[in-house]
Amino acid sequence: MLQLAEFFPGYPSRLWHLAKQMGVNYAVGPLPKEDHGMKPWDYMNLVQMKQRFADFGLNLQVIESAPETNRIKLGLPGRDEEIDIMCQFITNMGAAGISVLCYNFMAQFNWFRTSTTIRTRGGALVSGYDHALLANAPLTEAGIVSEDQLWEHLKYYLERIVPVAEKAKVRLALHPDDPPISPIRGVSRILRSSDALQQAIDLVPSEYSGITLCQGTLATAGEDIPTVIRKFAAQDKIFFVHFRDVRGTPEKFEETFHDDGKTDMLEAMKTYYEVGFQGPARPDHVPTMEGENNDNPGYELLGRLYGVGYIRGLMEAAAAGERERQIQLAELKV
């Protein structure tokens, strides 16, 4: 059964309480803050964060942030030092019993939007991207960064961290590039499709190298989400899921409520149950609703409550449908 999770701050908050009240038992956490001289990636810092969640009744399954990796992505001097820190981080995650690292290879800037104040249903605010607004944008200080360079740097990186992840038994869940368009201000983006994700995890094959299946990003790219689920589930490569939706194309799109986008979300959930996915999944990039100040676009509270409730309903429907499907398959065998 899919593990319904949420992304939480590292210390108890109102969201922690509300999530437990909604029946959420799995946590996705941030990189811990530097604390009493402990680096964010230090073992005891990770242990203490995991235990804070455990004491609250939440099982920390995923860390969805990491130490600085931009030099790695751009192939700059100092990248080996960044890789050494990542190796320490992964090793300490494994020792602390945290099993999944969600990471990305978006150079110079990560998640990127041109607006965080688009009005959607009922006046709720969502983020969006319009590539035309960047037609005259200057290059970043990184200059021109080619796709070939990024593939070379990604391979160099994976050759170093995958063996460490294997030893630590930490699953590396690679997130696609968001937005899935290239280049942006001269910086290429290489992980823009399911085929590109496949190419990436095939660079250094390992049972511990897989993907974060971000439905919103891949739907933006024009992919059929149930097909993508089946493709990676057949290889046991879905380590983590971002359950969200959009409308539009890579050139111009906006986020939506979970029930208001281009994807058949019930069909997607049914597919997770069909393939037997049992990993963590969380709502992602929710609308900012009435009464909220939009200080944290995509992660204000009310939209998360709506997303969790909607996903729980889909889970119940999908579970019932899967039971019926199994009964029908059994009857065919008689």
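Just so we're clear, the structure is a prediction, and the values are computed from it rather than from any experiment.

Trainee: Is there a simple way to think about the packing of aromatic side chains in this case?
Mentor: For any two aromatic rings, the description comes down to two numbers: the centre-to-centre distance and the angle of the planes. Scanning the entire structure with this criterion turns up 12 aromatic pairs. Considering the side-chain rings of Tyr-103 and Tyr-157, the 6.4 Å spacing of their centres and the 75° angle between planes classify their relative orientation as edge-to-face. With a gap of 54 residues between them, Tyr-103 in strand 4 (residues 100-104) and Tyr-157 in helix 5 (residues 147-168) connect regions that are remote in the sequence. You'll find Tyr-103 and Tyr-157 in the same group, each marked buried.

Trainee: Quick question: what am I supposed to make of the pattern of salt bridges here?
Mentor: Side chains that differ in sign of charge can pair as their charged atoms come close. Applying the stated criterion across every chain yields a total of 18 salt bridges. The salt bridge partner of Arg-282 is Glu-64, with a shortest N-O separation of 2.9 Å. Here Glu-64 lies in the loop between strand 3 (59-63) and helix 3 (70-74) and Arg-282 lies in strand 12 (residues 280-283), a separation of 218 residues in the sequence. Considered together, Arg-282 and Glu-64 belong to a single accessibility category, that of buried residues. Salt bridges sharing partners connect three or more residues here, namely Glu-64, Arg-113, Asp-178, Arg-244, Glu-255, Arg-282 and Asp-284.

Trainee: Can you walk me through the layout of surface pockets in this structure?
Mentor: Empty space among the atoms becomes visible once a probe the size of a water molecule is rolled across them. By volume, the largest pocket is sized at about 700 Å³. Every residue lining the largest pocket is counted, 26 residues in all, and those nearest its centre are Glu-64, Ser-65, Asn-104, Asn-110 and Trp-111. Those elements that place two or more of their residues in the lining of the largest pocket are helix 3 and strand 4. Ranked by the residues each element gives to the lining of the largest pocket, the list is headed by strand 4, at three residues. Taken together, the residues of the lining of the largest pocket sort by class into 11 nonpolar, nine polar and six charged.

Trainee: I'm lost on the side chain of Arg-282 in this one. Help?
Mentor: Using a relative accessible area of 1% as the deciding quantity, one classes Arg-282 as buried. Polar side-chain contacts of Arg-282 include one of 2.9 Å to the side chain of Glu-64. Reaching out from Arg-282, the side chain makes a polar contact with the side chain of Asp-284 at a distance of 3.1 Å. Once residues within four sequence positions are removed from consideration, Arg-282 is found in contact with Ala-5, Glu-6, Phe-7, Val-28, Glu-64, Phe-240, Val-241, His-242, Phe-243 and Tyr-299.

About the thresholds
Residues numbered from 1 in each chain as written. Predicted model: local features only at pLDDT ≥ 70, side-chain atom pairs only at ≥ 80, totals over all residues. Heavy atoms only, no water. Phe/Tyr/Trp six-rings, centres within 6.5 Å; stacked < 30°, edge-to-face > 60°. Helix = DSSP H or I, 4+ residues; strand = E, 2+ residues; numbered from the N terminus. Buried < 20%, exposed > 50% of the residue type's maximum accessible area, 1.4 Å probe, protein only. Salt bridge = Lys/Arg side-chain N within 4 Å of Asp/Glu carboxyl O. 1 Å grid on protein atoms, 1.4 Å probe; cavity = no way out; pocket = protein on both sides within 12 Å on 5 of 7 lines; lining within 4 Å. Points joined across faces, edges and corners; volume = space filled by probe spheres on them. Nonpolar A, V, L, I, M, F, W, Y, C, P; charged D, E, K, R; others polar. Polar contact = N/O pair within 3.5 Å; in protein donor to acceptor, adjacent residues only side chain to side chain. Contact = heavy atoms within 4.5 Å.

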